[in-house]
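For reference, the chains in residue letters:
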Amino acid sequence: MDGEIVSVCMFEVAPVSELKRNTLPSHPGASKIVQGAALHPHRAASSRTKRRITRERTFMANALQRDLMQLVKAAEDAASRRRRTWAQTYHLMPPVGWLNDPNGLYQKDGVFHAYFQYSPFDVEGGVKMWGHSTSSDLVSWTYEGCALYPDEPFDCHGVYSGSALVHDDHVSMFYTGNVKLPDGSGAYDYINTGREGNTVVVDTADGETFGEKRLLLGNADYPADLSCHVRDPKVWRADAPYGRYLMVLGARRRGTAEEAGPAKDSVPASLSPRRE
């Protein structure tokens, strides 16, 4: 990434079985595991994040998800009626739109699952979701549909990258929920200001149907020297069988590209992907 100051942020996560077992609290003395879920190296999740979790439970009607599902289906149905002369045969490929980095890779019950950044409406990006494909041999892939939509206040501008953790009889998906705050005055640069990079978890038993999304971490929970670009959680069990889980997040430190200086062998702007 051109001229960016990149860092890695690590958190210790409560046992995932506890994340599964608990539900969001309705009283102030409820479990810190659920209110914060992941712990900063030096402090628990902020009170601001705790308040947001409780507040955002009221947004669960989710007409947005239903509308997005209909729009995705319409785009995919339209694509299915066109000839796919140049479609790939041996590689994972969505039916329409934009494909980016793979996420949530795992094997369960003899089936390989691959989720990926997906935008069916715009070949240059746009609204980012997670598509889902399966395979028995890692060569031939079957598209299973759109799995995760940007349908909550904490991920409304994109279901960004993440990972999957298989445990017990289900899978936990961790990802970054992107939110770009409105800026009528042009004050935000969306690097150091104006953006939320929320760490979210959601569970699935079959890879296709998902439970309630839960906000784990927000901007206030990350180290103060980081910009708003804190993304792409990777979670794993570090020292089985003791139940200790770790999470790493990619992060960009505060500062500007000019302060960092030009990167070597940087890609010309005309060839660089659109940043959102």
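Just above, that's the structure.
This structure is a prediction, so every number in the text was calculated from the model and none was measured.

*Asks:* Give me the overall build of the protein chain: which residues, what numbers.
*Replies:* Counting its secondary structure elements, the protein chain contains five helices and twelve strands. Within the protein chain, the fraction of its 276 residues that count as buried is 45%. Considering only intrachain contacts with a sequence separation of at least 6, the fraction spanning at least 24 residues in the protein chain is 55%. Roughly 14,700 Å² of accessible area belongs to the protein chain as shown, and the carbon and sulfur atoms make up 54% of that amount.

*Asks:* So what's going on with the layout of surface pockets? Which residues, and what values?
*Replies:* One number sums up the size of the second largest pocket: a volume of about 370 Å³. What lines the second largest pocket is a set of 24 residues, and nearest its centre among them are Gln-65, Ala-147, Tyr-149, Glu-208 and Phe-210. Mapped by element, the contributors of at least two residues to the lining of the second largest pocket are α4 (63-80) and β6 (142-148). In terms of residue class, the lining of the second largest pocket is built from nine nonpolar, seven polar and eight charged.

*Asks:* Quick one: what's the story with the packing of aromatic side chains, residue by residue and with numbers?
*Replies:* Think of a pair of aromatic rings as described by two things: how far the centres are apart, and how the planes are tilted against each other in angle. By the definition in use, this model includes six aromatic pairs. Seen in terms of ring centroids, Tyr-118 and Tyr-143 are 6.1 Å apart; in terms of plane orientation they differ by 75°. Their pairing is edge-to-face. On the criterion of sequence distance, the pair formed by Tyr-118 in strand β4 (residues 111-119) and Tyr-143 in strand β6 is long-range, its members being 25 residues apart. Exposure remark for Tyr-118: the relative accessible area of 0% places this residue in the buried category. Using a relative accessible area of 23% as the deciding quantity, one classes Tyr-143 as partly exposed. One aromatic cluster in this structure is built from Tyr-106, Tyr-115, Trp-130 and Tyr-175. The side chain of Lys-128 reaches across the aromatic face of Trp-98, ending 5.2 Å from its centre. Its guanidinium or amino end placed over the ring of Tyr-190, Lys-180 lies 4.6 Å from that ring's centre, counting from NZ or CZ.

*Asks:* Give me the lowdown on the sheet that holds strand β7 (residues 159-167), citing residues and values where you can.
*Replies:* With antiparallel pairing, the four strands of this open sheet are ordered in space as β7-β8-β9-β10. Strands at the two margins of the open sheet, each flanked by one partner only, are β7 and β10 (214-217). For this sheet, the mean inter-axis angle between neighbouring strands, taken without regard to orientation, is 30°. One ladder, built from ten bridges, connects strand β8 (residues 170-180) with strand β9 (residues 195-204); its direction is antiparallel.

*Asks:* Can you explain the pattern of salt bridges? Please cite residues and give values.
*Replies:* Summed over all chains, the structure comprises five salt bridges. A salt bridge links Asp-151 to Lys-213; the nearest nitrogen and oxygen atoms lie 2.6 Å apart. Residue Asp-151 is found in the loop between β6 and β7, and its partner Lys-213 is found in the loop between β9 and β10; the two are separated by 62 residues along the sequence. Residues joined by salt bridges that share partners form a network here, namely Asp-151, Asp-155 and Lys-213.

*Asks:* Now, about the environment of Gly-250: what can you tell me, with residues and values included?
*Replies:* Along the chain, Gly-250 turns up in strand β12 (residues 245-253). For the pair Gly-250 and Met-10, spaced 240 residues apart in sequence, the C-alpha separation works out to 8.9 Å.

*Asks:* Give a detailed account of the sheet that holds β6, specifying residues and quantitative values.
*Replies:* One open sheet holds the four strands; their spatial order is β3-β4-β5-β6, and the pairing between them is antiparallel. The sheet is open, and its two borders are formed by β3 (98-108) and β6, each paired with just one other strand. Strand-to-strand twist across the sheet, computed as the mean angle between neighbouring axes with direction ignored, equals 25°. Sheet analysis places β3 next to β4, joined by seven bridges and oriented antiparallel. Bridge pairing in β4 places Asn-103 opposite Tyr-115.

Rules and cut-offs
Residues numbered from 1 in each chain as written. Predicted model: local features only at pLDDT ≥ 70, side-chain atom pairs only at ≥ 80, totals over all residues. Heavy atoms only, no water. Helix = DSSP H or I, 4+ residues; strand = E, 2+ residues; numbered from the N terminus. Buried < 20%, exposed > 50% of the residue type's maximum accessible area, 1.4 Å probe, protein only. Contact = heavy atoms within 4.5 Å. Areas by Shrake-Rupley, 256 points an atom, 1.4 Å probe, with all protein chains shown as cover. 1 Å grid on protein atoms, 1.4 Å probe; cavity = no way out; pocket = protein on both sides within 12 Å on 5 of 7 lines; lining within 4 Å. Points joined across faces, edges and corners; volume = space filled by probe spheres on them. Nonpolar A, V, L, I, M, F, W, Y, C, P; charged D, E, K, R; others polar. Phe/Tyr/Trp six-rings, centres within 6.5 Å; stacked < 30°, edge-to-face > 60°. Lys NZ or Arg CZ within 6 Å of the ring centre and 35° of its normal. Pairing = 2+ DSSP bridges. Axes fitted to C-alpha atoms, helices over the stretch in contact; angles between N-to-C directions. Salt bridge = Lys/Arg side-chain N within 4 Å of Asp/Glu carboxyl O.

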